[in-house]
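Fold and geometry: a report
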Amino acid sequence: MLTLSRRGGVWHFRLRLANGLDVRKSTGQSDKAAAELAALRIVAGMDLDGMAKHRAKAAELAPLVDRFKEWAKTRHTRQTLRRDMLALSILSEYTGGTLPEDLDAEKFMQWRLAAKVSPACVNVDVRHIRAALGAMARLGWIPCNPFAKVKLL
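So, a few notes on the structure that sits alongside this text. (Residues numbered from 1 in each chain as written. Predicted model: local features only at pLDDT ≥ 70, side-chain atom pairs only at ≥ 80, totals over all residues. Heavy atoms only, no water.)

Focus: the sheet that holds strand β2 (residues 10-16)
The criterion, for reference: Any two strands are treated as partners once DSSP identifies two or more bridges connecting them. Under the DSSP-based scheme used, a helix requires at least four consecutive residues in state H or I and a strand at least two consecutive residues in state E, with every element numbered from the N terminus. Angular values range over 0 to 180 degrees, each being the angle between N-to-C directions of two axes fitted as lines to C-alpha atoms, with helices fitted over their stretch in contact. Should any heavy atoms of two residues lie within 4.5 Å, those residues are considered in contact.
Here 3 strands make up an open sheet; going across it, the order is β1-β2-β3 and the pairing antiparallel. Edge strands, defined here as strands with exactly one partner in the open sheet, are β1 (2-7) and β3 (22-29). Averaged over all pairs of adjacent strands, the angle between their axes in this sheet comes to 25 degrees, without regard to strand direction. Strand direction decides the pairing type here: β1 and β2, joined by 6 bridges, are antiparallel. Its bridge partner lying in β2, R7 is registered against V10. On top of the sheet, helix α1 (residues 32-44) reaches β1, β2 and β3; it is set at about 135 degrees to β3, its chief contact.

A short note on the side chain of T27
Cut-off, in case you're wondering: Think of a polar contact as two N or O atoms within 3.5 Å of one another; within protein, one of them needs to be a possible hydrogen donor and the other a possible acceptor, and neighboring residues in sequence only count if both atoms come from side chains.
Topologically, T27 is positioned in strand β3. In terms of polar contacts, T27 uses its side chain to reach the backbone carbonyl oxygen of W11, at 2.6 Å. A polar side-chain atom of T27 sits 3.3 Å from the main-chain amide nitrogen of Q29. Not counting chain neighbours up to four residues away, the residues in contact with T27 comprise L4, W11, H12, F13, A35, A38 and A39.

Structural notes on the nonpolar core
Taken as a class, soluble globular proteins show a tendency for nonpolar side chains to be buried jointly. Inclusion rule: What we call a nonpolar core is a set of buried Ala, Val, Leu, Ile, Met, Phe, Trp, Tyr and Cys residues that are connected through their side-chain atoms within 4.5 Å. For the exposure calls, accessible area comes from a 1.4 Å probe over protein chains only, and a residue counts as buried if that area is under 20% of its type's maximum, exposed if over 50%, partly exposed in between.
Core analysis: the largest hydrophobic core is formed by 29 residues, its most contacted members being F68, L91 and F147. Listed by contribution, the elements that provide at least two residues to this core are α3 (61-72), α4 (78-95), α5 (105-114) and α6 (119-138). Counting residues per element, this core draws most heavily on α6, at 8 residues. Among all residues touching F68, those that are not within four sequence positions of it are H76, D84, M85, L88, A132, A135, M136 and W141. Core analysis: the second largest hydrophobic core is formed by 5 residues, L15, L21, V23 and A39 among them.

This is the structure we're talking about:
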């Protein structure tokens, strides 16, 4: 769904897809008709499925984690941010530093259990990864959150 809203005299658009992609951008236009055209041009530049550019950004996990850390500094407590970073480093260890499109959260949980980690700790890791990847997906940095629908242990 593509929606337009006016903030501070400038029109912004929000694109939400069923797969979890949520992109918000300014059109740079103060006229609504021009803003609609600008929004359509921006969406058309995102490729056919609206996610090709986001996939290219999501290949490496380290830049996403750094970007998330900067974003979260003003939104999370120090302790929550530290736990988010720990959970994301565990995810990075599991994936080899990349964020694959076909990441299976269930296999990640089984990998953690095989390392003799308690189910309670695995659940904490999953909650923090889910929250971090959910924020990244809402901000349009990654196409979707693979941990969004995983059931906790």
